[in-house]
Amino acid sequence: MSSLQALCSGLPLRPLPENRGRWAGVPHAPVRTPGLSPAEEQLALRNALRYFPPDVQELLAPEFAQELRLYGHIYMYRFCPAMKMRAYPIEQYPCRTRAAAAIMHMIMNNLDPAVAQFPQELVTYGGNGQVFSNWAQFWLMMSYLSQMTEEQTLVMYSGHPLGLFPSSPQAPRLVITNGMVIPNYSSRTEYEKLFAMGVTMYGQMTAGSYCYIGPQGIVHGTVLTVLNAGRRYLGVKDLAGKVFVTSGLGGMSGAQAKAAVIVGCIGVIAEVDKAALMKRHEQGWLMEVTDSLDHCIARLREARKRKEVLSLGYHGNVVDLWERLVHELDTTGELLVDLGSDQTSCHNPFNGGYYPVQLGFAEAQSLMASDPAAFKSLVQESLRRQVSAINRLAKENFFFWDYGNAFLLEAQRAGADVEKKGANRTEFRYPSYVQHIMGDIFSLGFGPFRWVCTSGDPQDLAVTDELATSVLEEAVADGVNPAVKLQYADNIRWIREAAKHQLVVGSQARILYSDQKGRVAIAVAFNRAIARGKIKAPVVLSRDHHDVSGTDSPFRETSNIYDGSAFCADMAVQNFVGDAFRGATWVALHNGGGVGWGEVINGGFGLVLDGTQEAEQKAKMMLSWDVSNGVARRCWSGNQKAYETICQTMQDNKGLVVTLPHAVAEERVLQQALRP
């Protein structure tokens, strides 16, 4: 029996696998401190043991109790599979449906050690973005998928496979919800307890929806952000010799080094975790590394003078780097940085997402577990110091933006000077990248569309790159407005150069920002190529939840919506439901993601293209809704670009009828009506 067949045979109980504990040489999640009461600890243990028959519970109980005491969660390390986790070609999975095999392909990619941040703790990215809560859930999931027919739907409750339920061939094969906690109880403190008890889970965005494609998933968006930041803030199209300083080389943030090289600037990225830094260097995503701040500054100066293209990883705390840049400015008068941001996991600042400058990496991890209150105090002091340095640099010709990781939100909570006078609740001293850059792109209907070639063959990916390029070039030739044309030009350049930049880590996947028209046309081209045999196996379409319609997040995706509805989540929920009955193979709805638990509602999908006419019809219907929903919402909030986009979409699609806002009421009319 092959290893994949064994993985699909249910929990291995007779005999039980050897308990090898935590593996050496693999990054591990920080110790969690849920603060459970004795009664809650007992409940956590009882909940974990219910996956197992009575005859093994006595053996497993003390083992699981020890995990809870040592790590703050029961991961069930004994049941971590011994076989190599990776995205195997789709035909190797023992399934009754192609859809189930495609889902397995995506799950195993999320848990591939080359892709996952903490693979043994089932964390894909973001420090706490779980695929499952424990390994028993993984085994059950694989077993259910291998059994599933086209007339069943698998239901997932925050990592827990509830079971297979009768449905129709037109229904999704999989419906996922993660973290759907009653709003009044959706606090960080409650989350830590609920996760430790095994009853909810933080799926981030694409971790818990099985749609992560490695750091490539954010490279294109980072490229567009830095390119457009140069255009907006510096007034330049060529970023040669310009310096972009940021932090984070873990999961999603690992994309920053590659993006700097693609746009042709000098990227200096600080990272406290040497393992994460070296992983990106060994994968070719980071050109040079140093642990010397003196060398870092000297190398930055040299590259700046020569206008080199460089990605330089600094093994150290980003606060030290920012403060050194201030020192250089104050002592030499030389501003060494042009653009800046931050991609630490500030959505999870007190449990490994942000490391305080006052402590080394190992010392910080120890204090985090032994004295959470003291650790929190140091984190907040560190945030204040970081903002102080950024504020000093911003008095010169330097521009900073928030990357939607809750950096400014947490800095505000820490008492840092990030207030913007006269601003609303979603605005700070510095803009979020959505407010100044990506928001306009979303309003045009462009977002992080992506696909995975389930054959695992790089040649299939090359074919899809060629097809996508042709589709976009044809769209431009047919005529588009100037704003859309600029986006298409950036995206055509991206897809033409994608193979050269060696972006694949894990599955044979690609990300490409595209609008509704482009996504539908690309999907149709792929599906027909599969039917002709030009692409050898099904292609999974997906997107980041960080998209036009997928996420309601007042401090990120919807931060540029100013009609008061930024804190409402109708769009994301409607998107999840609408995708489900318009043809998605699977759908997911999450609490948390990006900015953090209780701050976001977001959703995603997977759609399997298999070359059939049915798949083409589903793609046309579902992808159109998946974009139009968000554009229509932005239009109603008063966004002019969204208004123009949705009007054009209605002309192209006679079945679409959207409520359009009338002219914005004049200030004079409002003041007169509200006069006492």
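Residues numbered from 1 in each chain as written. Predicted model: local features only at pLDDT ≥ 70, side-chain atom pairs only at ≥ 80, totals over all residues. Heavy atoms only, no water.

Considerations on the sheet that holds strand β10 (residues 339-340)
Heads up, the condition is: Strands pair, by our definition, only if DSSP identifies at least two bridges between them. Elements are defined by DSSP. Helices are runs of H or I of four residues or more, strands are runs of E of two residues or more, and each kind is numbered from the N terminus.
Spatial ordering of the open sheet is given by β8-β9-β7-β6-β10-β11, a layout of 6 strands whose pairing is parallel. At either end of the open sheet lies a strand with only one pairing partner, and these are β8 (288-290) and β11 (399-400).

Some words on the domain arrangement of the protein chain
Using the following cut-off: These domain boundaries are the output of an automatic or database domain assignment. Note on contacts: a residue pair qualifies if any of its non-hydrogen atoms lie within 4.5 Å across the two residues. Summed over both partners, the accessible area (1.4 Å probe) lost when two parts come together is defined as the buried area. Here, a salt bridge means any Lys or Arg side-chain nitrogen found within 4 Å of an Asp or Glu carboxyl oxygen. We define a polar contact as two N or O atoms separated by no more than 3.5 Å, with the added condition that, inside protein, one atom must be a possible hydrogen donor and the other a possible acceptor, whereas residues neighbouring each other in sequence contribute only through side-chain atom pairs. Amino acids outside the nonpolar list (Ala, Val, Leu, Ile, Met, Phe, Trp, Tyr, Cys, Pro) and the charged list (Asp, Glu, Lys, Arg) are all regarded as polar, and Gly is one of them.
Assigned domains within the protein chain: domain 1 (4-197), domain 2 (215-433) and domain 3 (439-652). Across the boundary between the two partners, domain 1 contributes 14 residues, which contact 19 residues of domain 2. Here domain 1 and domain 2 share an interface that buries about 1300 Å² over both sides, 46% of which is from carbon and sulfur atoms. Across the pair Arg188 and Glu410 runs a salt bridge, and its minimum N-O distance is 2.5 Å. Taken together, domain 1 and domain 2 are joined by 7 residue pairs in polar contact (both at pLDDT 80 or more). Looking at the side of domain 1 that touches domain 2 residue by residue, the classes come out as 7 nonpolar, 4 polar and 3 charged.

Things to note about helix α16 (residues 433-443)
Going by this rule: The classification of residues rests on relative accessible area computed with a 1.4 Å probe and restricted to protein chains. Under 20% of the type maximum is buried, over 50% is exposed, and intermediate values are partly exposed.
For α16, a buried count of 9 out of 11 residues is recorded, marking the element as mostly surrounded by other parts of the structure. Every buried residue belonging to α16 is among Tyr433, Val434, Gln435, Ile437, Met438, Gly439, Ile441, Phe442 and Ser443, and all of these are buried. The elements touched by buried residues of α16 are α7 (216-234), β12 (447-453), α18 (482-497), β13 (509-514), α21 (613-636) and α22 (640-652). At the C-terminal side of α16, Gly445 shows a positive phi close to 90 degrees.

Some words on the UniProt feature "domain: Urocanase N-terminal" (unreviewed entry) in the protein chain
So the rule is basically this: UniProt positions are given in the numbering used here, feature names are shortened, and annotations may be inferred rather than shown by experiment.
Within this structure's numbering, the places UniProt gives as "domain: Urocanase N-terminal" (unreviewed entry) are residues 85-211. Annotated as 28% helix and 18% strand, the span residues 85-211 places its first and last C-alpha atoms 16 Å apart.

Here's the deal with the packing of helix α20 (residues 570-581) against α21
So the rule is basically this: The convention used is that axes are lines fitted to C-alpha atoms, helices contributing only their stretch in contact, and that angles between N-to-C directions extend from 0 to 180 degrees. If an angle is under 35 degrees, it is roughly parallel; if it is over 145, roughly antiparallel; if it lies from 65 to 115, roughly perpendicular; otherwise it is oblique. By the definition used in this description, the sense in which the near helix is turned from the far one sets the handedness, with an anticlockwise turn below a right angle giving left-handed and a clockwise turn giving right-handed.
Between α20 and α21, the least distance of the axes is 10 Å, while the angle of their chain directions is 160 degrees. Judged by the angle between their axes, α20 and α21 are roughly antiparallel. Remark: the crossing between α20 and α21 carries right-handed chirality. Only Met622, Trp625, Asp626, Asn629, Gly630, Arg633 and Arg634 of α21 make contact with α20, whose side of the interface consists of Met571, Gln574, Asn575, Gly578 and Asp579. Looking at the contact of α20 with α21 residue by residue, the classes come out as 3 nonpolar, 5 polar and 4 charged.

Topic: unusual backbone geometry
Keep in mind that most residues, glycine aside, have a negative phi and that most peptide bonds are trans. That bond from Arg14 to Pro15 is cis: its omega, 0 degrees, falls within 30 degrees of zero. Structurally, Pro15 can be placed in the loop between α1 (3-7) and α2 (38-49). Look at Gln204: it is not a glycine, yet its phi comes out positive at around 50 degrees. Inspection of the secondary structure puts Gln204 in the loop between α6 (188-196) and α7. The backbone of Tyr210 sits at a positive phi, close to 65 degrees, despite the residue not being glycine. Mapping Tyr210 onto the fold places it in the loop between α6 and α7. Residue Tyr210 is classed as buried on the basis of its relative accessible area of 1%.

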